[in-house]
Amino acid sequence: MGIALNLALFFMIWFVTLFVVLPFGVRTQGEAGDVVPGTPASAPAAPRIGRIALINTVVAAVVFGVVWGILNSGLVDTELPPLPPQVTQ
């Protein structure tokens, strides 16, 4: 696999795992008892985006390593079947 395909695969995995990691440790404004006017009570009190991005990057790197290992080990065939011959008239 080339570098471009590896980067594309990593970023796809990163964005998918982001939705898994986002709710970890989130405390809502309603739970904190400090709802800012104009926001829903379910909005995060302290989003900590940098921390979530770092945790997500670590999780995505582990998942990417597993996927990369499976693809390069030969357990999964990544070659496409040949095209059928074209019929000419």
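Please read all numbers here as calculations on a predicted model, not as lab measurements. (Residues numbered from 1 in each chain as written. Predicted model: local features only at pLDDT ≥ 70, side-chain atom pairs only at ≥ 80, totals over all residues. Heavy atoms only, no water.)

1. Side note on the packing of aromatic side chains
We describe a pair of aromatic rings using the distance from one ring centre to the other and the angle between the two ring planes. For the record, the criterion: The criterion for an aromatic pair is that two Phe, Tyr or Trp rings (for Trp, the six-membered ring) have centres within 6.5 Å, with stacked assigned to planes under 30 degrees apart, edge-to-face to planes over 60 apart and tilted to the rest. Counting from the N terminus, the helices are DSSP H or I runs at least four residues long and the strands are E runs at least two residues long. Buried means the residue's accessible area, taken with a 1.4 Å probe over protein chains only, is under 20% of the maximum for its type, while exposed means over 50%, and partly exposed covers the values in between.
The tally for this structure, following the rule as stated, stands at 3 aromatic pairs. Ring centres 5.9 Å apart and planes at 85° place the aromatic pair Phe10 and Phe64 in the edge-to-face group. With Phe10 in helix α1 (residues 3-21) and Phe64 in helix α3 (residues 49-73), the pair connects residues that are 54 residues apart, well separated along the chain. Per residue, the accessibility class of Phe10 equals that of Phe64, and both read buried. Arranged with centres 5.0 Å apart and planes meeting at 85°, the rings of Trp14 and Phe15 form a pair that is edge-to-face. Since its relative accessible area comes to 16%, Trp14 is described here as buried. Given a relative accessible area of 47%, Phe15 falls into the partly exposed group.

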